[in-house]
Amino acid sequence: MPREAEPSANEKAFLLKALQDEQIRLDGREFDAYRPLELTFGDEYGVANVSLGKTKILAKASAEVTVPFADRPLDGIFTIATELSPMTAPHFEVNRPTETEVLLSRLLEKTVRRSGALDTESLCLVAGQKCWSVRVDVHVLSHDGNLTDAACFAVVAALRHFRKPDTSMENGVLTVYTPAEREPVPLGWLHSPFCVTWSFFGDEGETALLDADWMEEQVRVASVTISLNRHGEICQIAKLGGVPVEAVALLQCTSVALTKVKEFSTYLDSKLAEDAKRRDKGGFMAELRAENDRVVG
Amino acid sequence: MSTESPLVVLPGESIDPSLIPTHHKNPLRLGPGLRHIPPSEIVPTVAGQLVVDNRKTSMWIEYNGGRYIPSQNDLIIGQIVRSATDFYYVSLSPYTPNATLPHLAFESATKKTRPQLSPGELVYARVSLANKHMDPELECVSPSTGKADGLGPLKDGMVFDVSLGFARRLLMAKSREEGKVEVLEALGEDGLGFEIAVGRNGKVWVNSESTKTVVLVGRALRETDEKNLGVEAQRKLVKKLVREMR
Amino acid sequence: MTIAAPEASLNALPRADGSARYSYAGYTVTASVNGPIEAQRRDEHAYEAHVDVIVRPAAGVGGTRERHLESILQSSLAQIILVKNFPRSVIQIVLQIESTPENAYVNTKLVQASLNLPIIPALFQTAVLALLSATVPMKATATSTVVAVVLEDGSKKIVADPSPKDIGEATSLHALAFTSHDELLLSESEGDFTVKEWDDVYERAQEICCQSAPKQAGVDMMLDDDASGPDMRSFLRSALETKVASDLYWK
C-alpha cells in the first residue's frame, strides 16, 4: 500500500507560525469561516453532489422493500454506507477500512441515524413482514479535509431530496407503484442535523478553526465535532483524543456551530425549493396529487 | 516558435510530415509528449499543442497536468523521507517511489561536514539520473564546478503546490515574455521582499522575513494557476491581496 | 429516439492527477486517474505498469458484476496505455458510477440488474478521458459504443445506444470499442445472434466510433445527424481541444 502523503516539516511549522503569530490562515479565511459550500442535485431523486472548497462528496439515497429485523418488526431499515475508495486518495484500499473511514461512518451514524432524523417507523409496510430499507451511499470524490461536515451535509441533502415509490395496502395485498403510475413520495423526515467540526492548534489547543482543510488537519492537535440541528438541539459531541480543551471554549464553539447550522439549514431549504420548482411541471399532474406537503424541519 | 494557429494533437494521431523540421546537419530533437517509432514515424503520446522550433530542429507537445515524471537536469523540491547509510531517500511527489540523494552530493561535503537532514525537511536539488528502470537520483551540487548554485537544504519558509505547467512557466528564462507570468514582478513592485525556489515537480518554496508576505505570495501564485489568470488579472489580483493584507 | 449529445468535463477533481466526468444516454460516470505511482509488491511488474481499474456502483457494494467490468476494462485500457514506459508502477483508474438510466415503468432494485454491457461504453469513455486529462502517455485514443439487435415487427433491427426498454426487448447486445487507428479493441456480446447480425453490428459500431470528420486543422464541423448516433471521435476531440485551450491559455 502506498504511504499516505504527509506535509513537510517546513509546511507544518509555517502553518502553525502563521496561525499563532499572525492569526492568518494560508488561504486567507477567517478562523470561523467555511470554504464555499455548494450543493447540486442530480436528475434522479436522492442524488446530492456537495463541494466544500476542494472536498467533493456524492451521496446517493436508494430504497428497496425487504424483511424487517426480527427484533424490530415495526421499524424499517436505514443504513449509511461510507466506503473510501482510492479515488479519495491512493492509499485507501477497497475492503480495507482505515481509521478515517471508520470514524467518518460512526459520526454519520450517530448524527443522522441515532438522532432519529429519519422516521424509521414510517418505513414499515407490513409489521414483521415487509418494510423499506433505505440506504445512503457516501462517495468521497476528492479529499481536501473536513470530510465529516461535507459528508453529513450531503447525506441529509440526499435523504431530504429522495423520493421512494408510493405504496398501498388493499385487502392484505401490498402494491408498490412505479414512478409512471404514481408520483414517488418523500421520506418521513423529523429534523435535519448537521456536523460542525472545530480543529485546535497550539500546545494547549488555544487556537480554534472551523472547516480545516487537508493541510490543517495534518497539523491539528485535537478536533471536536458537534452535531446539532437549527433548533439548537445537540445530537452528539465527539472529541476523539487529542489535547484537552477548556469547557468554556467548547461552549463558545457550540454557539458558533449553531449559527453555522442555521446557515446550512437555510441553504439546503433554498436549494430544495429551487429543485422542486425546476421539477414541478405544474398543471394537471400537480393537481391530481392527493397528498399534502409535509412540514419538515 | 511556429506562428501558425495552435495545432492540437491527440495520442496516436499522425503528424503532417511537412511540419517536421529538417536540417541538413542537425539531428531532429524530440521533446516531451512525442515518441519515435522506427523507422520514421513520429507520434504524439499525450493530448496537447504541437510546437515546432525550426531553428533548433526540435519539436515537442505543450500540455499541462498529470503527475511529475522525473527527467534529467530538472530542478525539483524534494522532501526527505529517511536517511540510509550513505544517502537520503527523498520524495518528489506523494505515492511515487523515492529518489536517492547521496550524503556527499552537497557543496564541499565530506563524511564529517555533510548536512544532517531529518525526515520532513526540504531540499532543492537537480535530477542527476532519471531512467525508467531505476529510481531517480538527485544532487545538490554541480558535478563540474563543485558549487551548490543555489541548491541545497531549504530552511523555514513554505511550500505551495502548483500545476506542472505553471511550474514550467515560472522556470522559463523569460517567464514574463514567454510564460506570461507577471505575478512575481508585480509582487516585487509592491515592495514585498521574499525568496523563492521553483521545483519542476509542481512545488514552489517561498520564504520571507514576514509571515504575511509568504502567505500573500502563496495565495497569488495558487490563484494565478488555478484560475488561469492573464497578465492583467495577475496584476489586479496582487493589488487586491496586498490591500487585504495591510 | 432522442438522446442528448454526450457531455464531458475534465479535471473536475482537483486533487487527482487527472479526472473526468462524462454523461451520455442517462449514464453519468466520474473517473479519477492517479499514476504512475508506486506499485504494491503483488502488482509490481518488472517491465510494465500495472493498470488498476476499480468500478464503484452508485448504490450498494461492488460485487462480481463490478469485478467483471473491471477485468474487461483493464485488459482493453492496458492495450492503449504505453505501459512499458513505467515499469514497476501502477496507473490507478477509479470509476464511480453516479447515475444510470431510469425506467419509469419498472421499480429499480437496490443492486442493479445483472446487465453489464450497456454501461461499458460510459465507463470506457470516462476512463479514456480521465487518462488523457492525467496526461498518461498513450498509443492511441479510443471510442466505444453499445449496439442492440431488437426484434421489431418480425424483422431484426439494429439500435445504437439502446434505451432500457430496448435492452429489455433485445435479442442480443454488443459493446464495442475501437482505437483511433480503427482497430477493434473491445468486443463483448450477450444473447443469441448470427454471424450476419454480428457483421451488421460491427459495421454500425464502427460507423459511430470511427467516422472521423475530414481532418482540417483545428476545425471539425461535422454535423451529419442522420440518426446514426453521435460521432464519438469528434466528441472526444472537441472535449480535449477545450482542455488544451484552457491549459495553454497563456500561449
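Residues numbered from 1 in each chain as written. Chains lettered and ligands numbered in written order. Predicted model: local features only at pLDDT ≥ 70, side-chain atom pairs only at ≥ 80, totals over all residues. Heavy atoms only, no water.

What chain B contains, in helices and strands, is four helices and 15 strands. Expressed along its principal axes, the backbone C-alpha trace of chain B runs to roughly 55 × 50 × 35 Å. Of all 246 residues assigned to chain B, the portion counted as buried reaches 52%. Long-range pairs, those at least 24 residues apart, make up 62% of the contacts in chain B with a sequence separation of at least 6. For chain B, the exposed area adds up to about 12000 Å²; of that, 50% sits on carbon and sulfur atoms. On chain B, the mean spot of the 31 positive side-chain charges and the mean spot of the 29 negative ones are 2 Å from each other. (Helix = DSSP H or I, 4+ residues; strand = E, 2+ residues; numbered from the N terminus. Buried < 20%, exposed > 50% of the residue type's maximum accessible area, 1.4 Å probe, protein only. Contact = heavy atoms within 4.5 Å. Areas by Shrake-Rupley, 256 points an atom, 1.4 Å probe, with all protein chains shown as cover. Lys, Arg positive; Asp, Glu negative; His and termini not counted. Charge placed at Lys NZ, Arg CZ, Asp CG, Glu CD.)

This part covers the interface of chain C and chain B. With 38 residues of chain C at the contact, the number on the chain B side is 39 residues. Across the chain C to chain B interface the summed buried area is about 3100 Å²; carbon plus sulfur atoms make up 57%. Our count for the contact surface shared by chain C and chain B stands at four salt bridges. In this structure, the salt-bridge partner of Arg67(B) is Asp17(C), at a minimum N-O distance of 2.4 Å. Listing elements by their share of the side of chain C that touches chain B, those giving two or more residues are β3 (27-38), α2 (120-133) and α5 (232-247) of chain C. With seven residues, the single largest contributor to the side of chain C that touches chain B is α5(C). Looking at the side of chain C that touches chain B residue by residue, the class counts come to 18 nonpolar, nine polar and eleven charged. (Buried area = accessible area lost by both parts, 1.4 Å probe. Salt bridge = Lys/Arg side-chain N within 4 Å of Asp/Glu carboxyl O. Nonpolar A, V, L, I, M, F, W, Y, C, P; charged D, E, K, R; others polar.)

All names here are of chain C. Between its first and last C-alpha, helix α4 (residues 195-210) extends 22 Å over 16 residues, near the 22 Å set by a 1.5 Å rise per residue. Looking at α4, one finds that the buried residues are Glu197, Val201, Arg204, Ala205, Ile208, Cys209 and Cys210. On its buried face, α4 is in contact with β6 (142-152), β7 (155-160), β8 (170-179) and α5. (Expected span 1.5 Å × (residues − 1).)

Many structure descriptions define interface size as the accessible area lost when the parts assemble. Contacts between the two partners involve 33 residues from chain C and, on the opposite side, 34 residues from chain A. For the pairing of chain C and chain A, the buried interface totals around 2800 Å² over both sides, and the portion due to carbon and sulfur atoms is 56%. At the boundary of chain C with chain A, the tally comes to three salt bridges. A salt bridge links Glu83(A) to Arg56(C), with the shortest nitrogen-to-oxygen separation between them at 3.0 Å. If you list the elements that add at least two residues to the side of chain C that touches chain A, you get β3, β4 (50-56) and β5 (89-99) of chain C. Here the element with the most residues in the side of chain C that touches chain A is β3(C); it accounts for six residues. Residue composition of the side of chain C that touches chain A, by class: 15 nonpolar, ten polar and eight charged.

Taking the UniProt record as the reference, the feature "domain: K Homology" (unreviewed entry) is found at residues 157-211 of chain B. With 29% helix and 25% strand, the stretch residues 157-211 of chain B has end C-alpha atoms that lie 8 Å from each other. (UniProt positions renumbered as here; feature names shortened; annotations may be inferred.)

Below, the discussion takes up helix α3 (residues 147-161) of chain A. Taking 1.5 Å per residue, 15 residues should reach 21 Å; α3(A) reaches 21 Å between its end C-alpha atoms and fits that length. Of all 15 residues in α3(A), 15 are buried; the element is thus mostly enclosed.

Let us now look at a negative patch on the surface. Taken together, the side chains of Asp203(A), Glu204(A), Glu206(A) and Glu246(A) define an acidic patch exposed on the protein surface. Looking at where Glu206(A) falls in the secondary structure, it is placed in the loop between β11 (194-201) and β12 (207-210). (Patch = residues over 30% accessible without salt bridge, like charges linked within 9 Å, V, L, I, M, F, W, Y side chains within 5 Å.)

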